[in-house]
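So the chains spell out like this:
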2 protein chains.
Amino acid sequence: MTQDNMYACEDAVKFESYKPVIEAYTKDAVAQMQVFDPAFYDKCVAAIPSTQVLDTEPVDATSFWTLLSSQEQAIIGDLTIADLTQKQLSGELSAVAITRAYIKAAIVAQLTTNCVMQFMIPEALQRAQELDDYLEAHNKLVGPFHGVVISLKEHMNVKGKVTTASYVSYLDNIPKNEAVSITILHKFGAVFHARTAQPQGIMHLDTWNNITGRTRNPRSTRLSPGGSSGGESAMVAMRGSVIGVGSDIGGSIRAPAAFTDIFGIRPTTKRISLMNGLSSGKGQESIVAVQGPLARSIEELETYMRVYINEGQPWLYDPQCVPIQWREPKLPSKIRIGVLYDDNLVTPFPAITRGIKETVAKLSENSEFEFVNLNPKWFSEKEMVDIYTTNLRFYTCDGNKVQSEMWSPSGEPLLPLTKHYMNFGGGKELSIYDNKMMNAQRDALKVEMLQKYFADLDFILSPNYNGPSEIPGESLYWGYTSFWNMLDYPNVTFPVNVAHDVEKDAKIPELKQNEYEKMVWYKENGDIRYDPKSYIGGPVALQLTGKRFCDEDVVALTKKFVAALGVQRR
Amino acid sequence: MTQDNMYACEDAVKFESYKPVIEAYTKDAVAQMQVFDPAFYDKCVAAIPSTQVLDTEPVDATSFWTLLSSQEQAIIGDLTIADLTQKQLSGELSAVAITRAYIKAAIVAQLTTNCVMQFMIPEALQRAQELDDYLEAHNKLVGPFHGVVISLKEHMNVKGKVTTASYVSYLDNIPKNEAVSITILHKFGAVFHARTAQPQGIMHLDTWNNITGRTRNPRSTRLSPGGSSGGESAMVAMRGSVIGVGSDIGGSIRAPAAFTDIFGIRPTTKRISLMNGLSSGKGQESIVAVQGPLARSIEELETYMRVYINEGQPWLYDPQCVPIQWREPKLPSKIRIGVLYDDNLVTPFPAITRGIKETVAKLSENSEFEFVNLNPKWFSEKEMVDIYTTNLRFYTCDGNKVQSEMWSPSGEPLLPLTKHYMNFGGGKELSIYDNKMMNAQRDALKVEMLQKYFADLDFILSPNYNGPSEIPGESLYWGYTSFWNMLDYPNVTFPVNVAHDVEKDAKIPELKQNEYEKMVWYKENGDIRYDPKSYIGGPVALQLTGKRFCDEDVVALTKKFVAALGVQRR
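Note that the structure is a prediction, hence the values are computed from the model and not measured.

(A) Representation of the overall build of chain A in the model. Regarding its fold elements, chain A presents 19 helices and 13 strands. Computed over its C-alpha atoms, the radius of gyration of chain A comes to 22 Å, within 12% of the 25 Å expected for a compact globule of 570 residues. Each of the three principal axes of chain A carries a C-alpha extent, and together these read 65 × 65 × 50 Å. Within chain A, buried positions represent 64% of all 570 residues. The long-range share in chain A, meaning contacts at least 24 apart out of those at least 6 apart in sequence, stands at 81%. Within the structure as shown, chain A displays about 19,000 Å² of accessible surface, and the carbon and sulfur contribution to it stands at 52%. Computed over 57 positive and 67 negative side-chain charges, the inter-centroid distance for chain A is 2 Å.

So this is what it looks like as structure tokens:
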């Protein structure tokens, strides 16, 4: 495919014919919200600012939790998975009551952040009633997620429900099978009430598509919630669900978790099943996507992983999964952590640099942790240009052929970040030979990571992204997260109680001169692009990385970190 | 690369200049044998028939074990890994005595089967002495393989030693690193005395290359020992080593093990490290190669796997390896085994059909086993043509570019089975898009295997190959083994005490009419190719397949099978 016809899948005329289909699809979400509780819906619409205001002002959407009753606020705010199940067992709470509270929170989330693609409110209420009936009849819970309300990234197949993965041409796609993870979570008693938005092609660190439009960041509605699991991050940060199930091939769990100040894990590949979902990734294995939870506390994230793996045993359903138990963590008595303040390619914005320094300073008070500055030992700027270019080329190595085939039937317009992604690494179609050589380069890096970096380090602490959240449409640099997808070392994203500060974070640091730095820091006319006022409300969150298949240890150290930092459940 | 210039890497003039290099390389093996024990060498040369006889007559090479003293014969013949280590601990045997006996057996193996590429006799003797010294000084073994003599497929890197993978152009390649498996085995006290032959490109089910020529089958020297680990199968079947380390991407452990009537395992991928070896496979991941042992008893094969994985922990060295322990097997009380008499694509030769029937009949006497004829439920002939064509296309999907680059510098002539392989699936260069679609087809098959076949079966029993060993240069059909490489379900090859019988196996069965059946069964002129006299001495061995990562269970059931069949250590 030549550069000239890279965007040939766009077709305004074809797209026109899809507009009524899109309208019918999106109307359903509104109808479900209205039908559920008309009075509540009207109250919300009256209280929540217009989309014009939400899109331009740094509105804190979490302030609208007060639209819920105090009892409902307590359910969504105070009760962990353990509390919810315990209180159902003891008879203090019903699954229906929990589900109703979460549906209300999800409605507030939707009206402020536009995070939902498809509601499943009637199904959730019916399921909750079944759970209550079961508990009453059998005097025991269905499973460890009995009555726990979980939101699902929409590209996961739900049997019998339109599943689009945000491709307009898939608005008539009704899968016959169900995502393995849904099967597992259902078995454990989970309630599913909402399927959340992902960006066009599921390949932005942002959430904007031609079906439901743009999703907003709960911490500041004019900012991006990250992506591609940005529907999930907005939903979970808005307390619209207990856990959100996302997926990540370049940062799609971690960027959204970081942008919205919650927890997320990109597990080592093949521990969690991705089977039975829709994406352009079928058959691509140079960089393997993962599925994983976004959560409001590290403990709940850990519970999810342990239950899903040890009791769910996804390998019984999905032959791609490896049968490795979620084991007890093993941390050394003195934990040695390399700190990557800057990836030597793109200098982070000041809030990130300040956030990582403040965090390391605070954690260093604990003698259990030993921090080492990893930057002097890290890959050089020149090496990083090469590594990142290879990283990007992987994503577009078929010349975007699969993606174009999926967009083409509807002719839907390509959004700016879609075009940005299509041009990754030049966007050219490569040969299988090139792909093999790139895989070999990747494998050599994997070995170098183990033998050079993890030889005397237990973990690596780094940013998730070059900034504290991002202006919609401007999440251009994937390197802080996609580097780890390429190498397949597991990461946890966690909040550190630091947020962007217009005054403290005003000074432009010394900058490098490579193409990626320029893309992030400069406008086309050569002026600095960074404006501290743009990032009001943007949180700083960090990324902790461990050895392959040592996800348990990464989670365990994150627990210690958030305890030491006093980070509360969100 | 067009069909026209597919063989453009051949260059007779360039190759001429490599002949002295080849000669110098091969002379070294002879020199090492002579220097080790000149009298023994002369005695062997006098006793063993000429290569002309070995190449044309069905000589049983194992009859030349008598060239060893009775004590040496006892060492190589009677003592398992457990016996060898125990007798060293008790002082009954030294590592040097064991090593000397095995070197002698390896010399007999080499002079009859031509299985060696490079001897490491001085290093082995020095290592054995070190082990004896260590035991004397510390009164304990270095590790579980103390004084156990192991042969290595030559493409595994040995630090500082020429490593060719049978590519003539690599006769000056001296690796700086060492195969991870060698590091692990060395740590456990193994002694390495020989590096064994593989075919050109490591992609024949036979063993023939332009450096050391052709390797013979110990059971009948005019037959092929299989390949690509045919140097290992010949060596191990000749009792020239306790264990042979081979590798398998399409049948390269199982075909040789079957052809020479010994045991072999193709483990699930990523349990054993392949790191630091030479092949054309770098960066190719549609069908992932594995390394695994060839052994003379199922117990020793099991010991190797358990020790290598649980004590060797290859994931500490190789980030591709998954940290899954070799666990205790879990077999149901009633074991349900699907029997695939014929893969519905290429009808096996009569000895195989008879062998599998006789074996199932004998094993059916044991009420623990329940056998089910899988053929009616298996993929249809039409489906199998499609599946196998995809399977083959994976091997050549870069248009043989990497291979050609590796052959090109020497211009070495392409052997018939190399050309056969280069034309797999048409031999055309495919696009990354095609490769992704094929990967998706493969993944769907993996799921089908789990959900349709293994839903009510615990194991599948099938042939390893369409015949009982093969005439050199005629191992054309890979499907019985390569099917499982594509799906990555683990297999064990094991002897069943059945051999080809000229009279019993004379009748031509009813044949199918697909292209692969024709290739195997018919000559170009339409006559039947199969001649029962060709296969004298060819053993029948079967292949047992289990669920992914259930290698332990496959080994455990094989143990039960060989016990029931009365199959002795080879």
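(B) Spatial organisation of the interface of chain A and chain B. With 41 residues of chain A at the interface, the matching set in chain B holds 41 residues. For the pair chain A and chain B, the summed buried surface comes to about 3,300 Å²; carbon and sulfur atoms form 61% of the total. Of all residues in chain A, the largest losses of buried area upon contact with chain B belong to P319(A), I432(A) and Y433(A), amounting jointly to 21% of the total for that side. The interface formed by chain A and chain B includes four salt bridges. Where E285(B) meets R442(A), a salt bridge forms, and the shortest distance between an N and an O atom there is 2.9 Å. Secondary structure elements with two or more residues in the side of chain A that touches chain B: α14 (401–407) and α16 (432–453) of chain A. The residue makeup of the side of chain A that touches chain B, split by class, is 20 nonpolar, nine polar and 12 charged.

(C) Inspection of the UniProt feature "binding site: substrate" (unreviewed entry) in chain A at higher detail. All names here are of chain A. The residues that UniProt annotates with the feature "binding site: substrate" (unreviewed entry) are I202, S228, I249, G250, G251 and S252. In terms of the greatest pairwise C-alpha distance, the residues named above, spread along 51 residues, form a tight cluster of at most 11.1 Å across. Note on placement: I202 falls in the loop between β3 (191–196) and β4 (208–209). Look at I202 and you get buried, because its relative accessible area is 8%. Following the sequence through the fold, G250 ends up in the loop between β6 (243–248) and α10 (254–259). Excluding anything up to four places from it in sequence, G250 contacts L205, Y395, W478, T481, S482 and N485.

(D) Representation of the relation of the copies chain A and chain B within the structure. Least-squares fitting of chain A to chain B yields an RMSD of 0.0 Å, with the superposition described by an axial translation of 0.0 Å and a rotation of 180°. Within this description, the copies of the chain are treated as partners about a two-fold rotation axis. Looking at the rotation axis and the C-alpha trace of chain A, the residue lying nearest is I432(A), at 2.7 Å. Taken together, the interface assignments show that 100% of the residues at the interface of chain A recur at the interface of chain B, consistent with an identical surface on both copies.

(E) Molecular detail of the domain arrangement of chain A. All names here are of chain A. If you check the domain split of chain A, you get domain 1 (18–316) and domain 2 (335–565). Taken over C-alpha atoms, the centre of domain 1 sits 25 Å from the centre of domain 2. Across the contact, 52 residues belong to domain 1 and 62 residues belong to domain 2. Between domain 1 and domain 2, roughly 4,800 Å² of surface is buried when both sides are summed, and carbon and sulfur atoms account for 58% of that area. Connecting domain 1 to domain 2 are four salt bridges. A salt bridge links D488 to R266, with the shortest nitrogen-to-oxygen separation between them at 3.0 Å. Across the domain 1-domain 2 interface, the total number found is 41 residue pairs in polar contact (both at pLDDT 80 or more). Going through the elements one at a time, β4, α10, β7 (263–266) and α11 (298–311) are the ones with two or more residues in the side of domain 1 that touches domain 2. Split by residue class, the side of domain 1 that touches domain 2 holds 21 nonpolar, 19 polar and 12 charged.

(F) Representation of the sheet that holds β7(A). Residues and elements named next belong to chain A. Overall, mixed pairing links the 11 strands, which are arranged β1-β3-β2-β6-β8-β7-β12-β13-β11-β9-β10 in an open sheet. Strands at the two margins of the open sheet, each flanked by one partner only, are β1 (116–119) and β10 (369–373). Pairs of neighbouring strands in the sheet enclose a mean axial angle of 30°, with direction left out of account. Alignment of β1 against β3, held across three bridges, turns out to be antiparallel. Bridge pairing links F119 to A194 in β3. Here helix α8 (residues 180–187) sits on the sheet in contact with β2 (149–153), β3, β6 and β8 (290–295), set at roughly 150° to β3.

(G) Molecular detail of the side chain of N485(B). Residues and elements named next belong to chain B. Position of N485 relative to the elements: it lies in helix α17 (residues 479–487). Given a relative accessible area of 2%, N485 falls into the buried group. Side-chain polar atoms of N485 contact the backbone oxygen of I249, separated by 3.3 Å.

(H) Spotlight on the packing of aromatic side chains. One pass over the structure, following the stated rule, counts 62 aromatic pairs over all chains. Judged by centre distance (5.7 Å) and plane angle (15°), the ring pair of Y530(B) and Y535(B) falls under stacked. Just as Y530(B) is buried, Y535(B) falls in that class too. A network of ring pairs unites the aromatic residues W378(A), F379(A), Y453(A), F454(A), F483(A), W484(A) and Y489(A) as a single cluster. A cation over a ring is seen here: R239(B) above W65(B), with NZ or CZ 3.9 Å from the ring centre.

(I) The arrangement of helix α8 (residues 180–187) of chain B in detail. All names here are of chain B. For α8, every residue scored as buried is listed here: V180, S181, I182, I184 and L185. Of the surrounding elements, those touching the buried residues of α8 are β2 (149–153), β3 (191–196), β6 (243–248), β8 (290–295) and α11 (298–311). Just downstream of α8, G189 is the residue with a positive phi angle, here 95°.

(J) Highlighting the UniProt feature "domain: Amidase" (unreviewed entry) in chain A. Here the UniProt-annotated "domain: Amidase" (unreviewed entry) positions come out as residues 98–554 of chain A. Between the first and last C-alpha atoms of residues 98–554 of chain A the distance is 31 Å; the span itself is 34% helix and 14% strand.

(K) Expanded view of the environment of L185(A). All names here are of chain A. Tracing the sequence through the fold places L185 in helix α8. We classify L185 as buried; its relative accessible area is 0%. Setting aside residues up to four positions removed in sequence, L185 forms contacts with F145, I150, A190, F192, V245, Y304 and Y308.

(L) View of the pattern of salt bridges. Residues and elements named next belong to chain A. On inspection of all chains with the given rule, the structure shows 63 salt bridges over all chains. E370 is the partner of R336 in a salt bridge, and the nearest nitrogen-oxygen pair spans 2.9 Å. Here R336 is found in strand β9 (residues 335–339), whereas its partner E370 is found in strand β10, with 34 residues between them in sequence. When its relative accessible area of 30% is taken as the criterion, E370 is described as partly exposed. Across the pair K560 and E368 runs a salt bridge whose closest N-O atoms are separated by 2.6 Å. In this pair, K560 is assigned in helix α19 (residues 551–565) and E368 in the loop between α12 (350–363) and β10, connecting sequence segments 192 residues apart. Residue classification places K560 among the partly exposed positions, given a relative accessible area of 31%. Beyond isolated ion pairs, a larger network of salt bridges with shared partners links R271, R327, D551, E552 and D553.

What counts as what
Residues numbered from 1 in each chain as written. Chains lettered and ligands numbered in written order. Predicted model: local features only at pLDDT ≥ 70, side-chain atom pairs only at ≥ 80, totals over all residues. Heavy atoms only, no water. Helix = DSSP H or I, 4+ residues; strand = E, 2+ residues; numbered from the N terminus. Rg over C-alpha atoms; globule rule 2.2 N^0.38 Å. Buried < 20%, exposed > 50% of the residue type's maximum accessible area, 1.4 Å probe, protein only. Contact = heavy atoms within 4.5 Å. Areas by Shrake-Rupley, 256 points an atom, 1.4 Å probe, with all protein chains shown as cover. Lys, Arg positive; Asp, Glu negative; His and termini not counted. Charge placed at Lys NZ, Arg CZ, Asp CG, Glu CD. Buried area = accessible area lost by both parts, 1.4 Å probe. Salt bridge = Lys/Arg side-chain N within 4 Å of Asp/Glu carboxyl O. Nonpolar A, V, L, I, M, F, W, Y, C, P; charged D, E, K, R; others polar. UniProt positions renumbered as here; feature names shortened; annotations may be inferred. Least-squares fit on C-alpha atoms with pLDDT ≥ 70 in both. Domains from an automatic or database assignment. Polar contact = N/O pair within 3.5 Å; in protein donor to acceptor, adjacent residues only side chain to side chain. Pairing = 2+ DSSP bridges. Axes fitted to C-alpha atoms, helices over the stretch in contact; angles between N-to-C directions. Phe/Tyr/Trp six-rings, centres within 6.5 Å; stacked < 30°, edge-to-face > 60°. Lys NZ or Arg CZ within 6 Å of the ring centre and 35° of its normal.

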